Amino acid sequence: MGRKYFGTDGIRGRVGDAPITPEFVMRLGYAAGRVLAQRTAGIKPAVLIGKDTRVSGYLLEAALEAGFSAAGVDVMLSGPLPTPAVAYLTRALRLSAGVVISASHNPFDDNGIKFFSADGNKLPDETEAMIEAAIEAPMGCVRSELLGRAKRIEDAAGRYIEFCKSTFPSDFDLRGMKLVVDCAHGAAYQTAPHVFHELGADVIPVGASPNGLNINDKVGATHPEALRRAVLEHRADLGIALDGDADRLLMCDGDGRVYNGDELLYLIVRDRTRNRHVPGAVGTLMSNFGLEQAFQRLGVAFERAKVGDRYVLETLQQRGWLYGGESSGHLLCLDCHTTGDGTISALQVLGAIRRSGMTLAALTQELVLYPQRLINVRVHKDFDWQRHDGLAAARTQVERELGQDGRVLIRPSGTEPLLRVMVEARSDDAAERLAQRLADAVAA
């Protein structure tokens, strides 16, 4: 059954436009609270609400709190806190659910709501469907003596900082390392710099002065040029860039080279194979073909999920594997956390560097990423690309020409009348030429 409000990562949109309005968010809190109450067998449920640094977080936090309270659910408020921190604290505090108010890497005037279950995982589809059904029912209110109470958790950031540090090898530290840490003026500004500093690093914070309007604004994982400039300016050893809710990671070495999620996933898995068997790893349809080949050389199976860290996690759980991620920097290390965590992923990379004594460049030298060319072709609303004879013929020719030296990916946009045509090949020229051939076939 299709979902009306929930997307692949919660409910998201422009603040003030449906569904991100105070009235809807209050109803959402009430609906989620009623679903939780049905599942807790007479025990009063409690939830944690965290948020990033958007100015709209105050508004939506109050609306959610009112909805939960009306449903008889106690609320704990953490203030600004990374999305993965909410997942961790929900589990550590034995709460019924966790809620994050964030639009991740989007501009400040967007916002969203996403939920975690009691075990720190994203809600299953069936629970989201139950919440959606409950939203459509009239909103009520429990009796006064049953109303939920709210309180603020004063040590939320400190608890999470200690959890992050616990994932770093106890026999290593970061003394002697100068790190630039770009927090994207987002949720990690009070946590990430402290994690690396307390492990011994000389930390230079960037993007750590949020004002409610500057989240992700020319900083963070979506704008790695800011990280690169800071690393070169301060002559740092490495740079770490997170996004607005701190579940995404990119890194930069002292020479100013930026490493994406594919490269960092490879490095982490390669490090793990040194002392244990890693049966497989999960990427997405957009993961580079070079990553797949590099894993084959390591003897690690590789599977592609749909785009979205939610689907990477689902595939990992189905396979019983531990490591996966996206090129954008969502990385999952399920031996450390139940969800993607930019700070913890960075610690896994730093642990590999400490263990090996090698640089980022040396640790990833066996991974050769293929040039990619993506062309968005505008099509009419009902365009059926799978039955387009000209495109099918062109694809056959392109795949024959590529052989084992590249791949083709064709997929429709989920939000616009566009067909996305991507080719990976050994050279930029071949990727450009073959992608254009496919695009021309669509337009013909």
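What counts as what
- Residue numbers here run from 1 along each chain, matching the order of that chain's written sequence.
- Owing to the predicted nature of the model, reporting of local features is limited to residues with pLDDT of at least 70; listing and counting of side-chain atom pairs is limited to 80 or more, with chain, interface and lining totals taken over all residues.
- Side-chain metrics rest on all non-hydrogen atoms present in the structure, leaving aside hydrogens and water.
- We count a stretch as a helix when DSSP gives it H or I for four or more residues in a row; a strand needs E for two or more, and each element gets its number in order from the N terminus.
- Only C-alpha atoms enter the radius of gyration; for comparison, a globular chain is expected to reach 2.2 Å times N to the power 0.38, where N is the number of residues.
- Using a 1.4 Å probe on the protein chains alone, a residue whose accessible area is under 20% of its type maximum counts as buried, one over 50% counts as exposed, and one in between counts as partly exposed.
- Every residue pair with non-hydrogen atoms within 4.5 Å of one another is taken to be in contact.
- Each accessible area is a Shrake-Rupley result for a 1.4 Å probe, and residues are judged covered by the shown protein chains and nothing else.
- By the counting scheme adopted, Arg and Lys are positive, Glu and Asp are negative, and His together with the chain ends is not counted.
- Throughout, a charge is located at the NZ atom of Lys, the CZ atom of Arg, the CG atom of Asp or the CD atom of Glu.
- Any two strands with at least two DSSP-identified bridges between them are counted as paired.

Caption draft 1: Region of interest: the overall build of the protein. Looking only at helices and strands, one finds 14 helices and 18 strands in the protein. Taking 22 Å as the expected radius of gyration for a compact globule of 444 residues, we find that the protein reaches 23 Å, a close match to that expectation. C-alpha extents for the protein along the principal axes are approximately 70 × 60 × 40 Å. In the protein, which comprises 444 residues, the proportion classed as buried is 58%. Pairs at least 24 residues apart make up 70% of the contacts formed inside the protein by residues separated by at least 6 positions. Of the roughly 18,700 Å² of accessible surface on the protein, 49% is carried by carbon and sulfur atoms. For the protein, the distance from the average site of its 51 positive side-chain charges to the average site of its 56 negative ones is 2 Å.

Caption draft 2: Here's a closer look at the side chain of Lys 165. Mapped onto the fold, Lys 165 is located in helix α5 (residues 156–166). Residue classification places Lys 165 among the buried positions, given a relative accessible area of 19%.

Caption draft 3: Expanded view of the sheet that holds strand β7 (residues 178–182). Strand order across the open sheet formed by 5 strands is β8-β7-β9-β10-β11, with mixed pairing between neighbours. Either end of the sheet is taken by a strand with one partner, and the two such strands are β8 (202–206) and β11 (258–259). The pairing of β7 with strand β9 (residues 238–242) spans 4 bridges and is parallel. Across the sheet, residue Asp 182 finds its bridge partner in β9, namely Ala 241.

Caption draft 4: A look at the environment of Leu 313. Its place among the elements puts Leu 313 in helix α10 (residues 309–319). When near neighbours in sequence (up to four residues on either side) are disregarded, Leu 313 contacts Asn 121, Leu 332, Leu 334 and Thr 338.

Caption draft 5: Expanded view of unusual backbone geometry. Following Ala 18, the chain continues to Pro 19 via a peptide bond in cis, the omega torsion being 5°. If you trace the backbone, Pro 19 turns up in the loop between β1 (11–14) and α1 (22–39). Although it is not a glycine, His 185 sits at a positive phi angle of roughly 50°. Its place among the elements puts His 185 in the loop between β7 and α6 (192–198). Assessed through its relative accessible area of 14%, His 185 is described here as buried. Despite not being glycine, Arg 235 has its phi angle at roughly 50°, a positive value. The residue Arg 235 is located in the loop between α7 (224–234) and β9 in this model. A relative accessible area of 74% means that Arg 235 is categorised as exposed.

Caption draft 6: Spotlight on the environment of Val 86. Counting through the fold element by element, Val 86 comes out in helix α3 (residues 83–92). For Val 86, a relative accessible area of 0% translates into the label buried. For the pair Val 86 and Ala 241, spaced 155 residues apart in sequence, the C-alpha to C-alpha distance is 20 Å. In this structure, Val 86 is in contact with Leu 48, Gly 50, Leu 81, Gly 98, Val 99, Val 100 and Phe 116, ignoring residues within four places of it in sequence.

Shape is all these values report; function is a separate question.
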